[in-house]
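# Analysis of the macromolecular model
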Amino acid sequence: MRTLDRSAELMERAAGLFPGGVNSPVRAFGSVGGTPRVIERALGARVWDADGTELLDYVGSWGPMILGHAHPAVVAAVRVAAERGTSYGAPNAHEVDLAELIVEAMPHLERLRFVSSGTEAAMSAIRLARAATGRDAFVKMAGGYHGHADALLVQPGSGATGMPASAGVTHGAARDTLVAPYNDLEAVEALLRTHGVAAVIVEPVAANMGVVPPLPGYLAGLRELTERHGALLIFDEVITGFRVARGGAAQRYGVIPDLSVLGKIIGGGLPVGAYGGRADVMRLVAPEGPVYQAGTLSGNPLAMAAGAATLRQLTPETYERLEAAGAHLQAGLDEAARTAGAAVRTARVGSLLTAFLPDGAFPGFFHAMLGARIMLPPSQHEAWFVSAAHSEADLDATVRAARDAMAVAPA
Ligand code: HOZ
C-alpha cells in the first residue's frame, strides 16, 4: 500500500519556509483539510505526486495547461528558446510572434503589452482606464477575482471568497472600488449613474466562485451601459482567453470590450500576463504615453515561446473536442448525481466546469475523488479545467468515481 510519506515530509519542510507551507493559498487544502499532494511531474492529463501516485488532473495549473502537461511542441519550443538565453530585458522575436498570434485571434486587441502575471495585467488595465477617463472609481463584481493588486482585492473570489477585502488593503486603496453582484445589470447601472466610473471590470464567465455563466444579455448590457456612461469595459479573460473559444469570451458571446486582460494559456504554463485593447487607449502606456508600467521579465522569451507553441496547437478541432469533452463530463456528472440521489448542480462553459455540492459536502467529495486518484481543485469555488489530453476513458472514469463520491458525501 502506498503511503504519503514523501509528500508529508516535503510539506513539513515547506511549513517552516512558506506561509501555510505554500506559495499560493488555495494549494494548502485549507477548505478541504488534509495534506496537499506535492507534485513531482506531469504528462498529458496526469500528474504524479512525490510518492509516485498517478492522479488524473483537473487543476491543469489553474488553467494554462489546455493541451495537457508537457505537450511535446511546448517542451521543444521552451528547450530551443532556453538554449538561446532565458531573458534579455530587450525586445525579442518571440514576443512579436506571440503577439501576432493573439491579435489574429482577438483583433480587438489593437495594441497589447506583455507582463508577467494576470495580477499585473489587471492592475495595469485599471491604471490605464483611470488615466484614459480621468476618473478614479471602477466597478468589479462580488466574487470576481482579478489577481491580488490592492484595489482589486475587494470582495474577491478564488481562495479569498467571502472576504470583504484583504487585511493590509488600505481604506484609500479600496475607496474607489465599487462592487456589484455578478449578472445584475441594474446594480451596475445604479453605480454608473451615481459615480464617475473609469471602468467596469468583469470575468465574462465568472470562474473564481465556481463557474457562473453570464446570463443572456448580461455582457451586451455591460457594453451598452459603459458606453452610455463614458466608462471603459474591461474583460478579464485570464481564464477564458483561448479557453472558451480561440477568441475568448469576447468571441463566444460576441461582445467586444475596450480592454482585455490575459494570462495563463498565452504563456503555455510559464509566468505571463498581457493587457490590450483599443489603440487610442493603449497609446497612453509608456513610453508612448504617460501611464507608467514596466517589468524585467516582460516578454520573457521562454514564456513567449511556450505561449506561441500552445496557441499554434489550438485548432478549431481542438475547441470542438474540448467542448465535447466538457459536455460529456457534465452530462456524466449530472447522471451520477441522479443515480446517487445527490443534490449536485453543475455549471459549464466549454471546458470550464464546476460541480456545486450541497453546503458542507465538498471536502468529503474532494477526498473521495482524491482517493480514487482524481485531483480536483481543492476548493468549491474554483473551476475544473478539462484539457485536450483528457480522453473519453478518463472522463468516464471520473464520472464513475464521482458517482461513488457523491454517494458518500452528504446530500
Ligand atoms: N488564483 C488561482 C486560483 N483562481 C490559484 C493559483 C494557484 O494557486 O496556483
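Not measured: the values here are computed from a predicted model.

Both the distance between ring centres and the angle between the ring planes are used here to describe each pair of aromatic rings. Tallying each qualifying case throughout the model produces five aromatic pairs. The interplanar angle of 50° and the centroid separation of 6.0 Å between the aromatic rings of Tyr58 and Trp384 together place this pair among those described as tilted. Taken together, the residues span a long stretch of sequence, with Tyr58 in the loop between strand E3 (54-57) and helix H2 (72-83) and Trp384 in strand E14 (residues 384-385) at a distance of 326 residues. Using a relative accessible area of 1% as the deciding quantity, one classes Trp384 as buried. An angle of 50° between the planes, with centres 6.4 Å apart, marks the rings of Phe362 and Phe365 as tilted. Highlighted residues: Phe362 and Phe365, both in helix H12 (residues 362-371), separated by three residues, approximately one helical turn. Taking the relative accessible area as the measure of exposure, Phe362 reaches 4% and is therefore buried. The class of Phe365 is buried, set by a relative accessible area of 0%. These aromatic residues form a ring-pair network of at least three members: Phe29, Phe362, Phe365 and Phe366. Between the NZ or CZ atom of Arg41 and the centre of the ring of Trp48, over which it lies, the distance is 4.1 Å.

Before going further, it helps to examine the site of the ligand. In the neighbourhood of the ligand, the contacting residues comprise Ser24, Val26, Arg27, Trp62, Tyr145, Ser158, Asn208 and Glu382. Between the ligand and Arg27 there is a distance of 2.6 Å, counted from an oxygen atom to a side-chain nitrogen or oxygen. One of the side-chain nitrogen or oxygen atoms of Glu382 is found 2.9 Å away from a nitrogen atom of the ligand. Surface burial for the ligand is 86%, taken as the share of its 290 Å² of free accessible area covered by protein chains. Here the residues of the shell around the ligand sort into three nonpolar, three polar and two charged.

The tally for this structure, following the rule as stated, stands at 17 salt bridges. Glu9 serves as the salt-bridge partner of Arg13, at 3.7 Å between the closest nitrogen and oxygen. Here Glu9 and Arg13 lie together in helix H1 (residues 5-15), a separation of four residues that amounts to about one turn. For the salt bridge of Asp258 with Arg223, the shortest nitrogen-to-oxygen distance reads 2.8 Å. A residue pair is termed long-range when its members are at least 10 positions apart, and Asp258 in the loop between helix H8 (248-253) and strand E9 (259-263) and Arg223 in helix H7 (residues 218-228) qualify at 35 residues. Accessibility expressed as a relative area gives 6% for Asp258, which makes it buried. A single salt-bridge network, built from bridges that share partners, covers Arg223, Glu227, Asp258, Arg278 and Asp280.

This next bit is on the pairing of strand E5 (residues 137-141). Among the five residues that make up E5, five are buried, leaving the element largely enclosed by the rest of the structure. Here three bridges tie E5 to strand E7 (residues 197-202), and the two strands are oriented parallel to one another. For Val139, the partnering residue across the bridge sits in E7 and is Val200. Pairing analysis gives four bridges linking E5 to strand E6 (residues 177-180), with the strands arranged parallel. Across the sheet, the residue bridging to Lys140 is Val179, located in E6.

A few words on the environment of Met304. Its place among the elements puts Met304 in helix H10 (residues 301-313). For the pair formed by Met304 and Gly268, sequence separation is 36 residues and the distance between their alpha carbons is 8.3 Å. Ignoring sequence-local partners within four residues, the contact set of Met304 consists of His94, Glu95, Leu98, Phe114, Val272 and Gly299.

This brings us to the sheet that holds E14. Strand order across the open sheet formed by three strands is E11-E12-E14, with antiparallel pairing between neighbours. What marks the edges here is a single partner per strand, and that holds for strand E11 (345-349) and E14.

A few words on the nonpolar core. Within the largest apolar cluster, 37 residues are counted, with the highest numbers of intra-cluster contacts made by Tyr58, Leu329, Phe365, Met369, Leu376, Trp384 and Met406. Only E3, helix H11 (316-340), strand E12 (352-356), H12, strand E13 (374-375) and helix H13 (392-408) provide two or more residues apiece to this core. The element that contributes the greatest number of residues to this core is H13, accounting for six residues. Formed by 32 residues, the second largest nonpolar core is a distinct cluster that contains Ala105, Ala306, Ala309 and Leu311.

What follows concerns the pairing of E11. Relative to E12, E11 runs antiparallel, the two sharing five bridges. Across the sheet, residue Ala347 finds its bridge partner in E12, namely Thr354. Between the end of E11 and the start of E12, which pair antiparallel, lie two residues, with Gly350 showing a positive phi angle near 60°.

Further remarks concern helix H6 (residues 185-194). Buried residues of H6: Val188, Leu191 and Leu192, and no others. Projected onto a plane normal to the axis of H6, the buried residues spread over an arc of 100° and lie on a single side. Exposed side of H6, more than 90 degrees from the buried face: Glu186, Arg193 and Thr194 are the residues found there. Contacts made by the buried residues of H6 are with E5, E6, E7 and H7. The backbone nitrogen of Glu186 has a side-chain oxygen 3.2 Å away, supplied by the residue at the start of H6, namely Asp184.

A word on the packing of H2 against H10. Closest axis-to-axis distance for the H2/H10 pair is 8 Å, and the angle between their directions is 150°. Classified by the angle their axes make, H2 and H10 are roughly antiparallel. Considering the relative orientation of H2 and H10, their crossing is right-handed. For the pair H2 and H10, the contacting residues are Ala73, Val74, Ala77, Val78, Ala81 and Ala82 in the first and Pro301, Leu302, Ala305, Ala306, Ala309, Thr310 and Gln313 in the second.

The rules behind these values
Residues numbered from 1 in each chain as written. Predicted model: local features only at pLDDT ≥ 70, side-chain atom pairs only at ≥ 80, totals over all residues. Heavy atoms only, no water. Phe/Tyr/Trp six-rings, centres within 6.5 Å; stacked < 30°, edge-to-face > 60°. Helix = DSSP H or I, 4+ residues; strand = E, 2+ residues; numbered from the N terminus. Buried < 20%, exposed > 50% of the residue type's maximum accessible area, 1.4 Å probe, protein only. Lys NZ or Arg CZ within 6 Å of the ring centre and 35° of its normal. Near = heavy atom within 4 Å. Polar contact = N/O pair within 3.5 Å; in protein donor to acceptor, adjacent residues only side chain to side chain. Areas by Shrake-Rupley, 256 points an atom, 1.4 Å probe, with all protein chains shown as cover. Nonpolar A, V, L, I, M, F, W, Y, C, P; charged D, E, K, R; others polar. Salt bridge = Lys/Arg side-chain N within 4 Å of Asp/Glu carboxyl O. Pairing = 2+ DSSP bridges. Contact = heavy atoms within 4.5 Å. Core = buried A, V, L, I, M, F, W, Y, C linked by side-chain atoms within 4.5 Å. Arc of directions from axis to C-beta. Axes fitted to C-alpha atoms, helices over the stretch in contact; angles between N-to-C directions. Parallel < 35°, antiparallel > 145°, perpendicular 65-115°, else oblique. Left-handed = near helix turned anticlockwise from the far one by under 90°.

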